[in-house]
Amino acid sequence: MKEFFTIDDFKLAGSAVLLRTDINSPIDPTSGRILNDARIRRHVRTINDLKDSKVVILAHQSRPGRADFTTTKPHAKRMSYLLRKRVKYVDGLYNSGTMKCIESLSNGDVILLENVRFYAEEMVMKNQPVEKQGDTLFVRTLAPHFDYFIQDAFAAAHRSQPSMVGFPQVLPTMAGRVMEREMTMLDHLLQSKLDSKIAILGGLKVDDSIGIAGHFLDKKIMSNILTTGAVAVVFLLAKGVDVGSGSVDIVAKEVDDLQVQISRAKELLEKYGDRISIPTDVAVNADGERVGMPIEKLPSEYPIYDIGLDTLVEYSSQIENAGAAVLNGPPGVFEIADFSLGTKEIFKALANTSGFSVIGGGHTIAAAEEMGIVEKFDHVSTGGGALIYYLCGEELPAIREIKKSYKKYCKA
Ligand code: 3PG
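Owing to the predicted nature of the structure, the values given are computational and were not obtained by experimental measurement. (Residues numbered from 1 in each chain as written. Predicted model: local features only at pLDDT ≥ 70, side-chain atom pairs only at ≥ 80, totals over all residues. Heavy atoms only, no water.)

**Student:** Could you give an account of the pattern of salt bridges, naming the residues involved and the relevant values?
**Tutor:** The tally for this structure, following the rule as stated, stands at 19 salt bridges. One salt bridge connects D8 with R177, and the closest N-O pair in it is separated by 2.8 Å. A residue pair is termed long-range when its members are at least 10 positions apart, and D8 in the segment before β1 (16-20) and R177 in helix α9 (residues 177-191) qualify at 169 residues. (Salt bridge = Lys/Arg side-chain N within 4 Å of Asp/Glu carboxyl O. Helix = DSSP H or I, 4+ residues; strand = E, 2+ residues; numbered from the N terminus.)

Next up, the structure:
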């Protein structure tokens, strides 16, 4: 049964559309260069399908306080290159200059507004009731200039912020092409009845991953969890392993309260110890050199940068025999050649599994692309946190609003 509108449901030629994308990309903080444009590329089809409309794009880049929290200017440049037409970057969100620019658009024009997270309302109205988010100055100022809102930011669909859920309160809302495909493929994974479904959780978003591991196991969505990356470090700490200050410092920078995360991981281990795999060996970065060590040899003054060889063999065999496997977040610091082994081998195992394979997360896609194996997976999701929350069966705020809009306007 149809639950949401798509671009095919409306005659969009000649209309003004506000398109929320997720082009949050890995960026070199020093040069400001986009290191991987996979997420930007995904939106090309949506934008091309709007070629006869006036298109204004909303996007965020990173979060306040992070080194890659920066303007969307380089994204506009990259979009222009990919679309083979000018995407003008506008240095504002709803100031008078921006509004003038929006009013002067012709059909076929595309502009990208400034990073929405530069603006207070986007941050402070987070998680407020959606009606309040629809009543922000940001939404009240921009919305009257548009006929439709297109929600294509699947990767941020778990975020309840004005740019994500405010506009559907006041504009007819549909899913863009990225959103449509994500929902179709992930529903396929959820609906398949398989004995062994494995989630490989890594990367740096530890707080999200721990919550998700709990959901996966509580709701029997996944049978086993393999921990890697910073997520594994927290589980090691929860198990009472003294990993050493090098690793603790790195993880502590990524989460608000490391002790809380350790307690959450401990609770999960008590409940599901036999279904959560934790590395038995790791590789630390000893002044640039890869040094493998079993966890019994920890603590190390050097930080953990990858899973070790024994862990790799064990995890690979579990993945190859799985009915379905989902990977979110790279297992190691793959950007540094010596520490890319774990990521590469786990990816290979996933690419070789006969089960349904899904990978997700901005950095994960970048790693898979670097290895040239993107085509080997059944689905490469643009989402990191959003992907796993979706797989947990949670209704993501942005998706809930797309569905509400369908109910509101389908009879109209
Ligand atoms: C992501 O990279 O997962 C999305 O762009 C959402 O980013 P956030 O976790 O900073 O909200």
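Resuming the write-up.
**Student:** Could you give an account of the packing of aromatic side chains, naming the residues involved and the relevant values?
**Tutor:** Evaluation of the coordinates by the stated rule reveals 11 aromatic pairs. Ring plane angle 45 degrees and centroid distance 6.3 Å describe the contact between Y94 and Y119, whose orientation is recorded as tilted. Of this pair, Y94 sits in the loop between β3 (87-90) and α4 (96-103) while Y119 sits in the loop between β4 (110-113) and α5 (120-124); the two residues are 25 residues apart in sequence, bridging distant segments of the chain. Look at Y119 and you get partly exposed, because its relative accessible area is 23%. Plain terms: the ring middles of Y305 and F339 are 5.1 Å apart, the flat faces sit at 65 degrees to each other, and that makes the pair edge-to-face. In this pair, Y305 is assigned in strand β12 (residues 304-307) and F339 in the loop between β13 (324-328) and α15 (341-352), connecting sequence segments 34 residues apart. With respect to class, Y305 is no different from F339; both count as buried. Ring-pair connections join several aromatic residues into one group, and the members of that group are Y94, Y119, F138, F149 and F167. (Phe/Tyr/Trp six-rings, centres within 6.5 Å; stacked < 30°, edge-to-face > 60°. Buried < 20%, exposed > 50% of the residue type's maximum accessible area, 1.4 Å probe, protein only.)

**Student:** Just give me the short version of the side chain of S405, but keep the residues and values in it.
**Tutor:** Assignment of secondary structure puts S405 in helix α18 (residues 397-409). Judged by relative accessible area, which is 3%, S405 ranks as buried. Apart from residues lying up to four places away in sequence, S405 is in contact with F5, L171, P172 and T173. (Contact = heavy atoms within 4.5 Å.)

**Student:** How would you sum up the packing of helix α14 (residues 309-320) against α15? Please name residues and give values.
**Tutor:** Packing of α14 against α15 brings their axes to within 8 Å, and their N-to-C directions diverge by 15 degrees. Compared by their axis directions, α14 and α15 come out roughly parallel. For the element pair α14 and α15, the recorded crossing hand is right-handed. Across the interface between the two elements, L309, L312, Y315, S316, I319 and E320 from α14 touch L341, G342, E345, I346, A349, L350 and N352 from α15. The residue makeup of the contact of α14 with α15, split by class, is 8 nonpolar, 3 polar and 2 charged. (Axes fitted to C-alpha atoms, helices over the stretch in contact; angles between N-to-C directions. Parallel < 35°, antiparallel > 145°, perpendicular 65-115°, else oblique. Left-handed = near helix turned anticlockwise from the far one by under 90°. Nonpolar A, V, L, I, M, F, W, Y, C, P; charged D, E, K, R; others polar.)

**Student:** Outline empty space enclosed by the protein, listing residues and values.
**Tutor:** By the definition in use, this model includes 1 cavity of 30 Å³ or more. Counted as a void, the largest cavity has a volume near 40 Å³. Around the largest cavity sit N24, S25, P26, N36, A38, R39, G362 and I365, which together line it. Of all elements in the fold, only α1 (38-42) and α16 (362-371) reach the threshold of two or more residues within the lining of the largest cavity. Taken together, the residues of the lining of the largest cavity sort by class into 3 nonpolar, 4 polar and 1 charged. (1 Å grid on protein atoms, 1.4 Å probe; cavity = no way out; pocket = protein on both sides within 12 Å on 5 of 7 lines; lining within 4 Å. Points joined across faces, edges and corners; volume = space filled by probe spheres on them.)

**Student:** Give a detailed account of the site of the ligand, specifying residues and quantitative values.
**Tutor:** In the neighbourhood of the ligand, the contacting residues comprise D22, N24, R39, H60, R63, R117, A155, R159 and K205. A distance of 2.6 Å separates an oxygen atom of the ligand from a polar atom in the side chain of D22. In the model, an oxygen atom of the ligand is placed 3.0 Å from a nitrogen or oxygen of the N24 side chain. Its free accessible area being 310 Å², the ligand has 95% of it covered by the protein chains. Class assignment of the residues belonging to the shell around the ligand gives a composition of 1 nonpolar, 2 polar and 6 charged. (Near = heavy atom within 4 Å. Polar contact = N/O pair within 3.5 Å; in protein donor to acceptor, adjacent residues only side chain to side chain. Areas by Shrake-Rupley, 256 points an atom, 1.4 Å probe, with all protein chains shown as cover.)

**Student:** So what's going on with the pairing of strand β5 (residues 148-151)? Which residues, and what values?
**Tutor:** In β5, alternate side chains face the same way, and those of Y148 and I150 on one face and F149 and Q151 on the other are all buried. Relative to β5, β1 runs parallel, the two being bridged by 4 bridges. For V17, the partnering residue across the bridge sits in β5 and is Y148. As defined by bridge partners, β5 adjoins strand β6 (residues 173-175) across 3 bridges and the pair is classed as parallel. Across the sheet, F149 pairs through a bridge with T173, a residue of β6. (Pairing = 2+ DSSP bridges.)

The quantities given are spatial measurements derived from coordinates; they are silent on function.
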